[in-house]
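# Notes for the structure review
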Amino acid sequence: MSAPGFTGAGLDRADHLRLDAERLADMMANGDARLLRLAELDPVLDEEGRLAWGPLEGEQDCLFLGLDEGAPLFAPLVRTGMLGQRAWSVFRILAMMSPKDAAIWGAARSVNEWHNRHLFCGICGAATAIFRAGWGRKCPGCGAEHFPRVDPVVIMLAEHEGRVLLGRQPQYPAGRYSALAGFVEPGESVEEAVARELMEEAGLVVGDVRYVASQPWPFPGSLMIACIGRAESDVLRLDPTELEDGFWATRDEVLAALAGDSAARFLAPPPLAIANTLLTRWSEGG
Ligand SMILES: [Zn+2]
């Protein structure tokens, strides 16, 4: 079964070491310790197409990613002016990377972006400082502890009599269609968010929402929660502010798109996107 993109890092995150200053210092001095190389927030690859790592050289501000078969891995924490920007070029690099490397880089990217957005305390406004080996910031003014946030997003297929709803946003590459998606709001369950989004974006009433899979999405820090909801009818009322087009795809149409068939009715979402996993699982009858 295909694993969603940005999963499978396989590191021992060793949370119990994050507050242990002595053991952290030992690990940073360890000859096996490695520091991820980044270009701003983008991945840097070596000649073999793997993530590039270097030695630690007295860095103060770094993120302890975890232990990889005992070797401590760190990522630099960098100030960047690239916040919220997602150059499409990064997907060309990601397409060359192994799932494990993409997952490790994704975590480093998300935490870096979070630090850049939380330089000041949201409660008292004082400048915050890194703690927990990069997995938090602490405010010296009021003592508040801030932790990297993850924003839940539902991404879903509405299903009706053997077909699924796909939609297209204006900024997508030509021909691409994907699952509909939206942020979970405070006070909602995943199932309620799926039902609301399908009503808002497509005018559909759905019941029987089922969970399929999830993935971290590092632009900047979402958790994509993939679901399928059964629609009571196939009459669409698309919201033109969200979608420029939408249609019900048959299983054969989905299979052709996933196979990259040049005659396919639409261009499938890229393999790293969980929409691709969701369509694959649905097409396999999952
Ligand atoms: Zn504060």
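Summary of the structure given here. Remember, predicted model here, so these are calculated numbers, not experimental data. (Residues numbered from 1 in each chain as written. Predicted model: local features only at pLDDT ≥ 70, side-chain atom pairs only at ≥ 80, totals over all residues. Heavy atoms only, no water.)

If you check helix α3 (residues 99-117), its first and last C-alpha atoms are 27 Å apart, about what 19 residues at 1.5 Å a residue would give, namely 27 Å. Along α3, 16 of the 19 residues are buried, which leaves the element largely enclosed by surrounding structure. (Helix = DSSP H or I, 4+ residues; strand = E, 2+ residues; numbered from the N terminus. Expected span 1.5 Å × (residues − 1). Buried < 20%, exposed > 50% of the residue type's maximum accessible area, 1.4 Å probe, protein only.)

To continue, consider the coordination of the zinc ion. At 2.2 to 2.4 Å from the zinc ion lie its protein donor atoms, namely Cys121 (SG), Cys124 (SG), Cys139 (SG) and Cys142 (SG). Here the zinc ion binds 4 donor atoms, and the angle range of 96 to 116° at the metal identifies the geometry as tetrahedral. Expressed as a motif, the donor residue spacing for the zinc ion is C-x2-C-x14-C-x2-C. With Cys121 in the loop between α3 and β7 (129-131) and Cys139 in the loop between β8 (136-138) and β9 (145-146), this residue pair connects regions lying 18 residues apart in the sequence. Its relative accessible area of 2% is what places Cys139 among the buried residues. (Donors = N, O, S within 2.8 Å, 3.2 Å for Na, K, Ca; no water. Tetrahedral: all angles 85-135°; square planar, octahedral: opposite > 155°, others 65-115°.)

The next subject is the sheet that holds strand β4 (residues 53-54). Taken in spatial order, the 4 strands of this open sheet run β4-β1-β6-β5, and their pairing is mixed. Each end of this open sheet is capped by a strand with a single partner; those strands are β4 and β5 (62-68). In this sheet, β4 lies alongside strand β1 (residues 34-36) in antiparallel orientation, the contact comprising 2 bridges. Along β4, the bridge assignment pairs Leu36 with Trp53. (Pairing = 2+ DSSP bridges.)

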